[in-house]
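Spelled out from the first residue to the last, the chains are:
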2 protein chains.
Amino acid sequence: LIDPTDRGFTLGDGLFETVLWADGRLHDLDAHLARMDAGCAVLGLPAPDRVAVAARLGAAVADAGLAHARAAARLTLTAGSGGRGLDRPEPLAPALVATAAPAPKPSGPMRVIVSRVRRNEGSPAAGLKTLSYLDNVLARREARAADADEALMLNTRGELACAAAANLFWIAGGRLFTPALGCGVLPGVVRARVMAAAEVTEVAAGPEILAEAEGIFLTNSLIGLRSVSAVGEKSVAQSRLADEISTLLGFP
Amino acid sequence: LIDPTDRGFTLGDGLFETVLWADGRLHDLDAHLARMDAGCAVLGLPAPDRVAVAARLGAAVADAGLAHARAAARLTLTAGSGGRGLDRPEPLAPALVATAAPAPKPSGPMRVIVSRVRRNEGSPAAGLKTLSYLDNVLARREARAADADEALMLNTRGELACAAAANLFWIAGGRLFTPALGCGVLPGVVRARVMAAAEVTEVAAGPEILAEAEGIFLTNSLIGLRSVSAVGEKSVAQSRLADEISTLLGFP
């Protein structure tokens, strides 16, 4: 249980990672923890001990009775309790919490909308998986209200950044594209795997570019790779390249 | 204690208010709860019951042994536990938490900097006191690292918005100015009281306008009204008008 004065709860002052547990192991844990370490450096938090983290996540999966299932193992690191208002206490006593829940089941192509909630590329937190995730919650709510599965978010300049809980790729002229990190993109673990496995061009582009796409897909650690069937009212072609990359990366 | 799956903790999915307890009562409680109600409407949360809230805050102050002191009584409303990832559960079971801590002691003029952290006026949450407050924490950290007390935040267009935990006013040509709400300003309770007590012009203006100011001050419910002595390296004149407004509003 969490102290009600924990700064993760009171101010969103912390970071999280959601790691896929499948086939009895944590997938891409090193990449997740490297991203958390980078976030810790920006927020001024000490990076958590990797061995302790792995043990805590495994225990959370086992305690939830999910050892033989596909699970979302979540690690939350906060600035802990104390301080006066926005000012952190000295010394800092960070809190580390591990929880687990069933992973979402693989399903078909996703319908997306372009959200009105803009991603703030002018915040140092734009590229971090922080506990201040309300903008993403609001974008997803907008998608659900429009009978869609997920929301694409533009940055304040009107450029594509990422989805509320996934990275974005599209195919044009047989080539793969994704928004550049400078657009306010969360540097996804699967995004990096796609870029290591295939040639991908990082660009700054407005949403109108998607109208020309020969295929669009989303990636994250829990869903793997999911193709997009429609952006708003407009249907999107299904691309064989997306299927090939999914197979290459071992997604179900 | 808070459930570790509470969406306030995991996603910053909620709102808060910090109410001044002094002279044995909660100050401006109706205005604070009206602001929380407006936030609930934007976030899709049910507004809390006002009578229950007043009782919970009073109990938190008493439990903390602060009934005879000046205290910060904090109310936190979250979207509760449950849901899958960003998607909220149905039905929603919001959580309401009240805590109390000693209020900051009144002190002298404040040194401020202009933060590099930009306020996202393109988010529906920009005008709300949400649990996703990390940008404000980062702006304050930047101020402390520069030996300043508080950080002024610009929006993504480069216009003055507010301080990390206060509203901003300045005096020029004997007149009072404050950033317009559309600049991504938190609509402060004391800000509204100043605007009811004096003639204030709301403007969109860059930080260079402060170089011409005959006085600058910050307001929030806990500090009341505090004058600014310097913006970065530049000293700011002390204004009699700021003192007059402070007296008019009954601040110590």
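Asker: Help me understand the side chain of His27(A), please; the structure alone is not making it clear to me.
Answerer: All names here are of chain A. By the secondary structure assignment, His 27 is in the loop between strand E2 (25-26) and helix H2 (29-43). What makes His 27 buried here is its relative accessible area of 17%. A distance of 3.0 Å separates a polar atom in the side chain of His 27 from the backbone oxygen of Ala 22.

Asker: Would you mind going over the state of the cysteines with me for this structure?
Answerer: Working definition: the covalent bond between the sulfur atoms of two cysteines is a disulfide. Residues and elements named next belong to chain A. The tally for this structure, following the rule as stated, stands at zero disulfides over all chains. The structure places no disulfide on Cys 162, whose sulfur is separated from the nearest cysteine sulfur, that of Cys 183, by 9.7 Å. For Cys 162, a relative accessible area of 2% puts it in the buried group.

Asker: Sorry if this is basic, but what is going on with helix H6 (residues 240-248) of chain A here?
Answerer: An α-helical turn contains 3.6 residues, so a residue and the one three or four places further along point in the same direction. Residue and element names in this part refer to chain A. All of the buried residues in H6 are Ala 242, Ile 245 and Ser 246. All buried residues of H6 lie within an arc of 100° about the axis, which places them on one face of the element. More than 90 degrees from the buried face of H6, the exposed residues found are Arg 240, Thr 247 and Leu 248. Its buried side turned inward, H6 meets strand E8 (167-172), strand E9 (175-179), helix H5 (189-197), strand E11 (215-220) and strand E12 (224-231). Measuring from the side-chain oxygen of the N-cap residue of H6 to the backbone nitrogen of Leu 241 gives 3.0 Å; that N-cap residue is Ser 239. Phi turns positive, to about 80°, at Gly 250, one or two residues after H6.

Asker: I keep staring at the relation of the copies chain B and chain A and nothing clicks. Help me out?
Answerer: One chain copy maps onto the other through a rotation about an axis and a shift parallel to that axis. Mapping chain B onto chain A calls for a screw motion: a turn of 180° about the axis and a shift of 0.0 Å along it, with 0.0 Å RMSD after fitting. Both copies are brought into coincidence by an operation consistent with a two-fold rotation axis. Most of the interface of chain B is mirrored in chain A, where 100% of its interface residues again form contacts.

Asker: What am I meant to see in the packing of aromatic side chains here?
Answerer: The description of two aromatic rings rests on the distance between their centres and on the angle between their planes. Taken as a whole and judged by the stated rule, the model has six aromatic pairs over all chains. Residues Phe16(A) and Tyr133(A) carry aromatic rings whose centres are separated by 5.1 Å and whose planes lie at 85° to one another, so their mutual orientation is edge-to-face. Within this pair, whereas Phe16(A) is found in strand E1 (residues 14-22), its partner Tyr133(A) is found in the loop between strand E5 (110-114) and helix H4 (134-145), the two being separated by 117 residues in sequence. Judged by relative accessible area, which is 4%, Phe16(A) ranks as buried. For the ring pair Trp170(B) and Phe177(B), a centre distance of 6.2 Å and an interplane angle of 15° mean the geometry is stacked. Between Arg74(A) and the ring centre of Phe16(A), over which it is positioned, the NZ or CZ distance is 4.0 Å.

Asker: Mind showing me how you'd approach the side chain of Asn120(A) here?
Answerer: Along the chain, the position of Asn120(A) falls in the loop between E5 and H4. In this structure the side chain of Asn120(A) is engaged in a polar contact, spanning 3.0 Å, whose partner is the backbone nitrogen of Gly122(A).

Asker: Can you help me understand the sheet that holds E2(A) in this one?
Answerer: Strand pairing in a sheet relies on backbone hydrogen bonds, with the paired strands running either antiparallel or parallel. Residue and element names in this part refer to chain A. Ordered in space as E2-E1-E3-E4, the four strands form an open sheet in which the pairing is antiparallel. Every interior strand has two partners, whereas the edge strands, E2 and strand E4 (95-102), have only one. Judged from the eight bridges that link them, strand E3 (residues 71-78) and E4 form a sheet pairing that is antiparallel. Across the sheet, residue Leu 77 finds its bridge partner in E4, namely Leu 96. The sheet contacts of H2 involve E1, E2 and E3, and relative to E1 the element is tilted by about 180°. Each of E1, E2, E3 and E4 touches helix H3 (residues 50-63); the most contacted strand, E4, lies at about 40° to it.

The rules behind each value
Residues numbered from 1 in each chain as written. Chains lettered and ligands numbered in written order. Predicted model: local features only at pLDDT ≥ 70, side-chain atom pairs only at ≥ 80, totals over all residues. Heavy atoms only, no water. Helix = DSSP H or I, 4+ residues; strand = E, 2+ residues; numbered from the N terminus. Buried < 20%, exposed > 50% of the residue type's maximum accessible area, 1.4 Å probe, protein only. Polar contact = N/O pair within 3.5 Å; in protein donor to acceptor, adjacent residues only side chain to side chain. Disulfide = S-S within 2.5 Å. Arc of directions from axis to C-beta. Contact = heavy atoms within 4.5 Å. Least-squares fit on C-alpha atoms with pLDDT ≥ 70 in both. Phe/Tyr/Trp six-rings, centres within 6.5 Å; stacked < 30°, edge-to-face > 60°. Lys NZ or Arg CZ within 6 Å of the ring centre and 35° of its normal. Pairing = 2+ DSSP bridges. Axes fitted to C-alpha atoms, helices over the stretch in contact; angles between N-to-C directions.

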